[in-house]
Amino acid sequence: DAKTTQPTSMDCAEGRAANLPCNHSTISGNEYVYWYRQIHSQGPQYIIHGLKNNETNEMASLIITEDRKSSTLILPHATLRDTAVYYCFLGGNTGKLIFGQGTTLQVKP
Amino acid sequence: DTAVSQTPKYLVTQMGNDKSIKCEQNLGHDTMYWYKQDSKKFLKIMFSYNNKELIINETVPNRFSPKSPDKAHLNLHINSLELGDSAVYFCASSIAGVQADTQYFGPGTRLTVL
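Attention here is on the structure that accompanies the text. (Residues numbered from 1 in each chain as written. Chains lettered and ligands numbered in written order. Predicted model: local features only at pLDDT ≥ 70, side-chain atom pairs only at ≥ 80, totals over all residues. Heavy atoms only, no water.)

### A word on the state of the cysteines
Consideration 1: The final tally for this structure, using the stated rule, is 2 disulfides over all chains.
Consideration 2: Covalently, B:Cys23 is tied to B:Cys91 through a disulfide, its sulfur atoms 1.8 Å apart. In this structure, the disulfide formed by B:Cys23 and B:Cys91 twists by about -75° around the S-S bond and is classed as left-handed. With B:Cys23 in strand E3 (residues 19-25) and B:Cys91 in strand E9 (residues 87-94), this pair connects stretches of sequence that are 68 residues apart.
Consideration 3: Take B:Cys23: its relative accessible area is 1%, and that puts it in the buried class.
Consideration 4: Between A:Cys12, a cysteine without a disulfide, and A:Cys22, which holds the nearest cysteine sulfur, the sulfur-to-sulfur distance is 18 Å. (Disulfide = S-S within 2.5 Å. Helix = DSSP H or I, 4+ residues; strand = E, 2+ residues; numbered from the N terminus. Buried < 20%, exposed > 50% of the residue type's maximum accessible area, 1.4 Å probe, protein only.)

### Some thoughts on the interface of chain A and chain B
Consideration 1: Contacts between chain A and chain B engage 19 residues on the former and 19 residues on the latter.
Consideration 2: Note on chain A versus chain B: buried area summed over both sides is about 1600 Å², and carbon and sulfur give 52% of it.
Consideration 3: At the junction of chain A with chain B, the criterion picks out 1 salt bridge.
Consideration 4: Note that A:Lys96 is salt-bridged to B:Glu58, the shortest N-O span being 3.2 Å.
Consideration 5: At the junction of chain A and chain B, the tally comes to 8 residue pairs in polar contact (both at pLDDT 80 or more).
Consideration 6: Residue assignment for the side of chain A that touches chain B shows that the elements contributing at least two residues are strand E3 (32-38), strand E4 (45-50) and strand E8 (84-91) of chain A.
Consideration 7: It is E3(A) that provides the largest number of residues to the side of chain A that touches chain B, a total of 3 residues.
Consideration 8: By residue class, the composition of the side of chain A that touches chain B is 7 nonpolar, 11 polar and 1 charged. (Contact = heavy atoms within 4.5 Å. Buried area = accessible area lost by both parts, 1.4 Å probe. Salt bridge = Lys/Arg side-chain N within 4 Å of Asp/Glu carboxyl O. Polar contact = N/O pair within 3.5 Å; in protein donor to acceptor, adjacent residues only side chain to side chain. Nonpolar A, V, L, I, M, F, W, Y, C, P; charged D, E, K, R; others polar.)

Now the structure itself:
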C-alpha cells in the first residue's frame, strides 16, 4: 500500500549534487513527506521531512512542489558514504512507517 | 553513546527453539518499535509500544511476543522458531504524537534459523 513511487536506482558522481525524486500524487492535506536511508547492513536513518515548505538540515534539502504531488531530496555534495537505499514515504504521525522499494543511490568516484 | 542498541547482533538457532532479542534506547523517547527486514530487503513494522502499552500490532504470528518492562526497553520473544523467521530485526524509538514518524533505529539483529 505504498503511496509513493521512486526510481529503482540512480548514479551520482562524488562531489556532485544527488537529486532523488519521489512522486506522491495522492498525498492528503495532513500527510508529511519523509525521507530515510539505509546504508548497507545498517539500520534505517532518518534524513528529513516536510509538509509543504522546502526544508534544509545538515544532511540534505527537501524540495516539495507547490501542488505537493512530488518532491526531491537533494544531497548537495555526495560522498561515497552516501551510497545507500533512499526511501520516500508519507507520514501521518502514526508511527507506522511504510517502506517501499526505495532508490538505490550509487555514488561513484 | 549508542542511542538505540540491540543484543545480540547475530543469532543463529535451530528450528523449534525459543529466543529473545533485546532493545534499549537512551534517548528518553516514550515509543518503541520492532521492524522485520526479510531477504528481499522489505522492511515492515511488527509492533509499537508507547509507555509500555501496545499501540501497533500488525499481522504477526502470535509466536512473536513483545515485552516492554519500561519505556526505555522493548524486547522481542519468539517461540517455536521457523525457517521463515530468518531475517534482520530492527528496533526503533521516537517521541509520540507529531514526532512519531521521526524514528531512530538500532543496528539490527540478524536472526538465522537452521
